[in-house]
Amino acid sequence: MFLFITTLLITLYYLFKKPRENKNLSVPSGPRGLPLLGNILQLGDRPHEKMFEWSKSYGPIFRIYLGSEQVVVLNGADIVREAFIENGEEFAGRPKLYMIHATLKGKGLISSPYNSDFNEHKKFLQSSLNKFGRRRSSLEVNCLQTIRETLDEYRERIDNNFEYTNKQMRNNISRIASQNVLTMTFGTRMHDKKLFSHLMDLITENFENTAVAAAFNFLPITRMFKTFILRNVLRCSEFLNNLISEKLEEYHEDMDQFDLPSEKYESNIIECYLKELLNSVCLYDKTIAESFYATDRSASYNFLSRRLTEKRRSSLSIELVNNMNKIRRKSRYMSFSFDHLSSIVQDLFIAGTETISTSLNWALIYAAKYLDYQDKLVAEIENVLGKEKLPTESDRSKLNFVQAFLNETMRIISAGPILVPRSTTRDVVFRGYKIPENTFIMANIWSCMRDPNYWSEPNEFRPERFLDQNGNFVCKNPAMMPFSIGKRACIGENIARLQMYLIFTSLLQKFHFSFANDSDLNDEKLMKGIPGVGLSPPHVSLKLRLR
Ligand code: HEM
C-alpha cells in the first residue's frame with residue numbers, strides 16, 4: 001500500500017510539474033505540450049515533417065519541450081545557414097546525450113563538446129581522411145575488391161531466383177562500408193569472416209537500438225530500461241578497443257624511441273594518430289628528462305598512456321611549466337590520448353557505415369521506382385565504362401547523371417533529417433532573440449532540402465536539377481546540406497561520396513533493379529521512409545536481374 005501511494009504521488013508530481021522554463025530564452029514558443037512529455041507525442045512518427053509544418057505557424061525558429069528539456073528548433077535553409085555558418089562557434093556545442101556520453105564519454109568528435117580537444121581531433125581526422133580518400137588510394141582498391149565479392153555473391157544468388165529484401169541489401173552495403181572503415185583505420189580489411197560477421201552483428205544491434213536510446217535523453221524515467229541497450233553498446237566498444245590494442249602491439253618496439261622514423265606511420269588512421277601522440281609525449285618526455293634526468297622509457301602502451309596523464313597532472317615548477325608550454329606549442333596535437341583514439345574509431349563506425357548504406361539503399365529504391373531514370377543511368381555507365389570495367393575515381397567526372405541522381409536521392413530523403421542535437425556554447429543574440437549558453441538546438445535539414453525558396457517543386461524527384469544546360473553535374477545550391485554545414489559538418493563527405501559512387505555504379509552496371517511486388521511501386525507512403533534516428537528505407541523487396 002505504501003509503495004502504491006508513493007508511486008502514485010511521484011507520478012502525479014511529474015504529470016503536473018511545470019516544465020523548467022528558462023527566463024533568459026526569448027525565442028517564440030511553439031505548440032503547447034503536455035506535462036512530463038512536452039511535445040514528444042505531437043511530433044508523431046515524422047518529427048521532421050511536423051517541425052516543418054509548425055514552422056509555418058510559429059516561424060522558422062521556435063521552441064518546444066521534449067520531456068522537461070527546452071529545445072530551440074531551426075527550420076529552413078536561411079536560418080540554418082545563419083546559425084551554423086555566421087554564428088558557427090556559438091551553435092557548435094554538443095549537449096550531453098545520455099547514451100552517446102555513456103559510451104564515448106565526451107571524447108572523439110560525435111560526443112565531444114566544442115573545445116580545443118574537439119578542434120584538434122577534427123583537424124587530424126579531416127587531414128587523415130583526405131589522405132586515405134585520395135585517388136587510387138588503398139580505400140578505392142579495397143572498396144572495389146569488396147564490391148567484386150558482393151557482385152559475385154549476388155550473381156550466385158540470382159541463379160537461385162533470389163529476391164532481396166531491403167534489410168539484406170542494406171546489410172550488404174553496410175559490410176562494404178564497414179570494410180572501408182576498417183581499411184582506413186587499421187590499414188586492412190578484416191579477412192576473418194566469423195569475426196567480421198560478429199562485428200557487423202554488434203554494429204547492426206546498436207543501430208536498431210538508437211531510437212529507443214534517444215528517449216533516454218528526454219525522458220529520464222525510460223533509463224530504467226537502459227541495462228540491456230547499454231550492454232550491447234558497450235560490447236561493441238569493447239570489441240573495437242580489443243582490435244585497437246592488438247593493432248598497437250605491432251608498434252611496441254618503436255614506442256621505445258623518443259624520435260620516431262618519419263617515413264613510417266603514414267598508412268592508416270591508428271598509425272597517424274600514434275605518431276602524433278608519441279611525438280607530443282616525446283616532446284614532453286624530453287623536457288622532463290632534461291629537467292629531472294628521468295630515464296624511464298617503458299614501451300608499454302598502457303604505461304605510456306598512464307604516464308602521459310600523470311605527467312600532465314603532476315605539479316611542476318613554474319620554470320618547468322613555462323618551458324613545457326613553449327615546447328607544447330610546437331606540437332599540433334597536445335590533447336591526444338588513448339581514450340580519444342578509442343572514441344574516434346567508434347565515431348567512424350557509427351557515422352561512416354549506416355549513413356552510406358541507408359543513402360545507397362534509397363538510391364536503389366529510386367532507381368527501381370523510376371525505370372526510365374535507371375535506363376538513363378545505365379546508358380551513361382555503359383557509354384563511359386562499357387559493360388565490364390569497374391568504375392574508378394578518375395571516371396567519376398564523366399558520370400554526370402550518376403552524380404546528379406545520387407545527389408537528388410540525398411536531397412529528397414536526407415539520411416539524417418534532424419541533425420544530432422547541438423547546443424549553444426555561449427549566450428547569443430540570434431535574429432534578435434536571446435539564447436542562453438547550453439540551450440538544446442535541433443536543426444531540421446530535411447526542411448532545408450525541401451525549402452521552396454531554394455528548390456522548384458521540392459517534393460518531386462528530379463535529378464536534372466543537378467545538371468546544367470550542357471548536362472554537366474553542378475551542386476551549388478546553398479540549401480543542399482546532406483552532410484550538414486559549419487563547425488560540426490561531416491568529415492567523411494568526400495570518402496562517402498566516393499564510396500557511394502563506386503558501389504552504385506558497379507551495381508547498376510551489372511544488375512537491373514525492380515520492385516519485387518508491383519503494388520509497392522505506387523505506394524507513396526512507402527517512399528516517405530521509416531523515421532528513427534535516420535530516415536530508413538521502407539520494407540520492400542527488390543528483384544535483381546543480370547544485365
Ligand atoms: C552518405 C553518407 C554520410 C552522410 C549523409 C553523413 C552525414 C553526416 C551529418 C548530417 C553529420 C552531422 C553533422 C552535424 O552535427 O551538424 C555527420 C557527422 C559526422 N560524420 Fe558523416 N555522413 C556520411 C558519411 C560519413 C563517413 C563515411 C564518415 C567517416 C568515415 C563520417 C564521419 C562523420 C563524423 C566523425 C561526424 C561527426 C562530426 C562532428 O561532430 O563534428 N560520415 N555526418
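Residues numbered from 1 in each chain as written. Predicted model: local features only at pLDDT ≥ 70, side-chain atom pairs only at ≥ 80, totals over all residues.

**Quick word on the UniProt feature "binding site: heme" (unreviewed entry) in the protein**
The feature "binding site: heme" (unreviewed entry), as annotated in UniProt, sits at Cys 490 in this numbering. Within the secondary structure, Cys 490 is located in the loop between helix 19 (445–449) and helix 20 (493–510). On the basis of neighbour count, Cys 490 is assigned to the partly exposed category, with 17 C-beta atoms found within 10 Å. For Cys 490, the residues in contact, after removing those within four places along its chain, are Phe 483 and Ser 484. (UniProt positions renumbered as here; feature names shortened; annotations may be inferred. Helix = DSSP H or I, 4+ residues; strand = E, 2+ residues; numbered from the N terminus. Buried ≥ 20, exposed ≤ 12 C-beta atoms within 10 Å, placed from the backbone. Contact = placed C-beta atoms within 7 Å.)

**Overview of the site of the ligand**
Close to the ligand lie 25 residues; Ala 351, Gly 352, Ser 484, Cys 490 and Gly 492 are nearest. Across the shell around the ligand, the residue classes tally to 16 nonpolar, six polar and three charged. (Near = placed C-beta within 6 Å. Nonpolar A, V, L, I, M, F, W, Y, C, P; charged D, E, K, R; others polar.)

**Focus: the nonpolar core**
The tendency in soluble globular proteins is for nonpolar side chains to be buried side by side. Ranked by internal contacts, the top residues of the largest apolar core, which has 113 residues, are Leu 364 and Phe 504. With ten residues, the single largest contributor to this core is helix 20. Structurally, this core is a two-domain feature, drawing no fewer than three residues from each of domain 1 (2–75) and domain 2 (116–244 + 346–546). If we ignore the near neighbours within four places in the chain, the residues touching Leu 364 are Met 169, Leu 507, Phe 513 and Leu 542. (Core = buried A, V, L, I, M, F, W, Y, C linked by C-beta atoms within 7 Å. Domains from an automatic or database assignment.)

**Details of the sheet that holds strand 2 (residues 69–75)**
Within a sheet, neighbouring strands are paired by backbone hydrogen bonds and run either parallel or antiparallel to one another. In space, the four strands of this open sheet follow the order 1-2-7-4, with mixed pairing throughout. Each edge of the open sheet carries a strand with a single partner, namely strand 1 (61–66) and strand 4 (422–423). Alignment of strand 1 against strand 2, held across six bridges, turns out to be antiparallel. Following the sheet pairing, Ile 64 is matched in strand 2 by Val 71. Running over the sheet, helix 3 (residues 47–58) touches strand 1, strand 2 and strand 7 (440–444) and is turned about 80° from strand 2. Along the sheet face, helix 4 (residues 77–86) touches strand 1, strand 2 and strand 7 and points at about 115° away from the line of strand 2. (Pairing = 2+ DSSP bridges. Axes fitted to C-alpha atoms, helices over the stretch in contact; angles between N-to-C directions.)

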